[in-house]
Every structure is written in structure tokens, then in C-alpha cells.
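# A structural walkthrough
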Amino acid sequence: MVLTIVIAVVGVLVLASAGLLVVTRARRGTEARHRAPGVPHAAPSHLRQGPASPAPEGAADAGAVGQVAAGALQLGPRPALRDRLDRARSLFGGYLEQIRARAVDETTFEELEEALILADVGVRTTTALLDDLRSRVRSGEIEGSSGALLGALRADIEGLFAGDSAELATAPPGSGGPTVWLFVGVNGVGKTTTIGKVAAREAAEGRKVVLAAGDTFRAAAGEQLETWAGRAHAQLIRGAEGADPSSVIFDAVQHGAARGADLVLADTAGRLHTKVNLMEELRKVRRIAERPPGKLTEVLLVLDATTGQNGLVQARQFTEAVGVTGIVLTKLDGTAKGGVVLAIRNELGLPIKLVGVGESAADLVEFDPKEFVAALFE
Ligand SMILES: Nc1nc2c(ncn2[C@@H]2O[C@H](COP(=O)(O)OP(=O)(O)OP(=O)(O)O)[C@@H](O)[C@H]2O)c(=O)[nH]1
Ligand SMILES: [Mg+2]
């Protein structure tokens with residue numbers, strides 16, 4: 001009898017603890033599903049830390065930047081432009097198919113013109129490209145077949161980018177402070193997202209990255225960057241809402257220099273290129289970003305490819321105000337207007353450095369003109 005009671009009690013206890021285990025596992029599972037990998041819980045301070053990983057040996061304190069590389073996000077394979085340029089490819093490809101099927105005549109040039117204009121290459125660049133082709137057909141340099149004509153056009157387009165490099169400049173080693181890359185552009189073009197992607201890429205390559213939340217205009221901007229800092233395992237320096245953006249960038253550079261960071265990526269609030277006071281504010285941001293120990297090596301203008309030719313006007317104004325060193329062209333995945341790349345290069349002489357082809361961390365590619373042209377022509 002006693003034995004039966006003991007067995008029954010033990011049985012109940014075993015069943016109860018098994019049940020508890022199941023509940024705990026299920027809870028853990030739920031938590032894991034609700035928290036994106038690598039995104040930490042929000043820290044209360046203005047100085048926020050990306051990863052919740054322990055500080056490395058020799059780090060001065062828990063805020064040291066040294067830990068950022070460990071366990072950085074795995075980005076997976078680089079997306080192919082060819083796969084992301086669907087809309088531009090089908091627009092351009094449709095025209096090329098028609099043209100290839102016939103001998104070269106004036107209609108061929110009209111159709112090429114239409115294709116280039118619709119792809120947002122712009123009137124000036126389109127005219128320059130086609131005038132050159134016409135005279136080469138007339139002189140007999142390009143022989144009558146459409147294949148030869150398209151081959152020559154392709155080579156001319158590739159030639160627009162000759163000598164460009166998508167590489168982003170960094171301060172020479174031992175220069176005593178972090179490299180600073182400043183991101184500027186009008187509202188909603190993808191500055192913050194691009195910074196997040198760049199941070200993820202650089203951290204994955206083992207660099208110590210600090211993000212400067214220089215968009216103090218909206219609290220949500222800092223939060224958005226904080227999420228990216230978490231994903232990328234980078235550190236974030238934030239100011240209060242409405243704080244002077246220059247002071248945030250100044251703090252980020254000082255902090256990065258003190259902690260041995262390689263790179264400070266500075267976000268700025270979106271601004272209309274026509275607003276004089278906001279462009280003046282950006283000049284100040286640039287002046288501060290240039291101060292030692294930081295080494296400002298890139299001022300990247302982020303342009304939204306879907307806005308097409310308006311990007312040219314923006315680029316002119318931003319270049320005049322802050323000396324843009326290169327272009328990041330975003331949202332190339334959702335548009336047939338990828339041809340604006342040609343206009344920017346031809347009319348402004350600015351190199352295209354990076355291309356955004358989606359919203360996630362891996363959706364950023366270094367611009368490769370050969371790959372871009374091949375995606376359009378093949
Ligand atoms: N499809 C696609 N969407 C993108 C790309 N880059 C950014 N976006 C989206 O564009 C929207 C605006 O991006 P943000 O990074 O907030 O733009 P921003 O320039 O920082 O905006 P402001 O700070 O308001 O000026 C977001 O929904 C992004 O996910 C891209 O390459 N492709
Ligand atoms: Mg932003």
C-alpha cells in the first residue's frame with residue numbers, strides 16, 4: 001500500500017516536472033520568435049551599445065567598441081544585380097529585342113532613344129550617346145547590323161564609367177583616429193537603411209564600427225538606427241531629440257577615437273536641397289566631421305533611383321554645399337529607371353559607389369558598371 005502511494009507520488013512529480021520543461025521550452029521559443037537575432041533590448045542611456053556580447057580582453061569598459069566584430073551578422077552571398085533589376089531589364093530588353101531583329105535605320109535610333117529616355121538616362125546623355133553612334137554608322141566605323149550597333153552602345157555606356165572605383169576611401173593606418181563617412185540626402189531616400197547595411201558589411205569584415213545618429217530631428221530616426229546598430233553589432237551614439245547634429249557626430253568621433261574604432265558612419269536628417277538653412281546646417285556638420293582625430297574620407301549622397309532625373313538636381317545642390325565624393329543609389333530593385341546611373345556619371349562626374357537593391361542588410365552591392373550593363377543588355 002505504502003509502496004503504491006510512493007510510486008504514485010513519484011509519478012506525479014515526474015509528470016509535473018516534464019510539463020514544466022515543456023512550458024519553459026515553449027516560452028523560450030516564443031521569446032526567440034519575437035526578438036530578431038542580434039537586436040538587443042533598448043538600453044536607457046543616450047550612448048547605446050549594439051551587441052549584448054561580453055567585452056573583449058583589454059577593453060576599458062562595457063562600452064568599448066572592440067567587441068563589435070565578434071559574432072557580427074552573417075550576410076550571405078552578395079545579391080546579383082541581374083536578379084534585382086527586373087523592371088529595368090524587362091523594359092530595356094523589350095526594346096533591344098525589337099531592334100536586334102532588324103537592320104539599322106532611323107527607326108532603330110528612335111527606338112533606342114525611347115528606351116534610354118524611359119530608363120531615365122536623361123535627354124542630354126541619351127543625345128550624346130546616340131549622336132556618337134549615328135556618326136560612327138555614317139562613317140562606316142559601325143557596320144550596318146543591329147548587333148554591331150548595340151555592341152557599340154554597350155561599350156560606350158561602359159566607357160562612361162572608365163576609371164571609376166566603387167571602393168570607399170579610408171584613413172591610412174596609424175592616422176590616430178577613425179575614418180568618417182557622412183551620409184546626406186533628401187527625405188526618405190534610404191540614408192539610415194544604407195548606413196545599417198554598410199555597418200553590417202564592415203562589421204562582418206571585422207571592422208569596429210560606430211554609428212552617429214546625426215538625425216536628431218525625429219526620435220524615431222535614432223530608434224531606427226539603434227535597430228540597425230543591434231543587427232550590425234555596431235555601437236550607437238545618440239543625442240537628445242532636437243540636439244545639434246554636429247555635436248552628436250563630434251561625440252561619436254571622440255568616442256570612436258578613444259575606443260579604437262575603425263569607422264564612424266554619420267547619419268543626417270533628410271533635407272530638401274532647396275532649403276538654405278538646412279543646407280547651411282549640413283555644412284557645419286561636415287566641418288565638425290572633418291575635425292581631427294576623425295578623418296572624413298567620404299561624403300556619400302544617397303539618391304533614390306525611383307525619383308529619376310530629380311536626382312541630378314539634388315546631386316548638384318548637395319555637391320555645392322558639402323562636396324559629395326560619391327553616390328549611393330537606392331531602390332534600384334523596384335524601378336525601371338536605373339538609367340539615371342548613366343546621367344549621374346556623365347553629367348556630374350560623380351562615381352556611383354554603392355547600389356541598394358532591397359531592404360535587408362545584405363541588399364547592398366558595390367556598383368560594378370560591367371555587371372550593370374550586362375544586366376541590361378543580356
Ligand atoms: N526596395 C528598397 N527599399 C529601400 C532601399 N533602401 C531603403 N529602402 C526603404 O526606403 C525607406 C526609407 O528608408 P530610410 O533609410 O528611412 O530613408 P532615410 O533617407 O533615412 O529617410 P529620412 O531619415 O526620413 O530622410 C524604408 O522603408 C527603407 O526600407 C532599397 O535599396 N530598396
Ligand atoms: Mg533616416
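Just so it is clear, the structure is predicted and the values come from calculations on it, not from any experiment.

## Remarks on helix α6 (residues 146–160)
Between its first and last C-alpha atoms α6 spans 21 Å; for 15 residues at 1.5 Å apiece the expected length is 21 Å, and the two agree. Residues of α6 that are buried: L149, L153 and I157. When α6 is viewed along its axis, its buried side chains cluster within an angular range of 75 degrees and face the same direction. Within α6, the exposed residues directed more than 90 degrees away from the buried face are G147, A155 and G159. Considering only its buried residues, α6 is in contact with α4 (106–118), α5 (123–138), α12 (340–348) and α13 (369–377).

## Considering α4
Helix length check: α4, at 13 residues, gives a terminal C-alpha distance of 18 Å against a target of 18 Å (1.5 Å per residue), a fit within 8%. What α4 keeps buried is the set L112, A115 and L116. End-on, the buried residues of α4 take up no more than an arc of 95 degrees, which puts them together on one face. Every exposed residue of α4 that faces more than 90 degrees away from the buried side is listed here: E106, T107, E110 and E114. In this structure, the buried side of α4 is in contact with α3 (86–100) and α5. Just downstream of α4 lies D120, where phi reads positive at about 70 degrees.

## Points about the site of ligand 1
Residues in close proximity to ligand 1 total 20 residues, the closest being G190, T192, T193, G270 and G356. Broken down by element, the residue count for the shell around ligand 1 peaks at 3 residues, all from helix α7 (residues 191–204).

## Digging into the packing of α6 against α13
At a minimum axis distance of 9 Å, the contact between α6 and α13 shows a crossing angle of 150 degrees. Taken together, the axes of α6 and α13 are roughly antiparallel relative to one another. Where α6 crosses over α13, the two elements pack in a sense that is right-handed. Contacts from L150, R154, I157 and E158 of α6 reach α13 at P369, K370, V373 and F377.

## Considering unusual backbone geometry
A cis amide bond, omega 5 degrees, links P292 with the succeeding residue P293. Structurally, the position occupied by P293 is in the loop between α10 (276–289) and β6 (295–304). Even without being a glycine, D120 presents a positive backbone phi close to 70 degrees. With respect to the helices and strands, D120 occurs in the loop between α4 and α5. At K331, a residue that is not glycine, the phi angle is positive and equals roughly 60 degrees. Overall, the presence of 22 C-beta atoms within 10 Å leaves K331 in the buried class.

Quick notes on the rules
- Residues numbered from 1 in each chain as written.
- Chains lettered and ligands numbered in written order.
- Predicted model: local features only at pLDDT ≥ 70, side-chain atom pairs only at ≥ 80, totals over all residues.
- Helix = DSSP H or I, 4+ residues; strand = E, 2+ residues; numbered from the N terminus.
- Expected span 1.5 Å × (residues − 1).
- Buried ≥ 20, exposed ≤ 12 C-beta atoms within 10 Å, placed from the backbone.
- Arc of directions from axis to C-beta.
- Contact = placed C-beta atoms within 7 Å.
- Near = placed C-beta within 6 Å.
- Axes fitted to C-alpha atoms, helices over the stretch in contact; angles between N-to-C directions.
- Parallel < 35°, antiparallel > 145°, perpendicular 65-115°, else oblique.
- Left-handed = near helix turned anticlockwise from the far one by under 90°.

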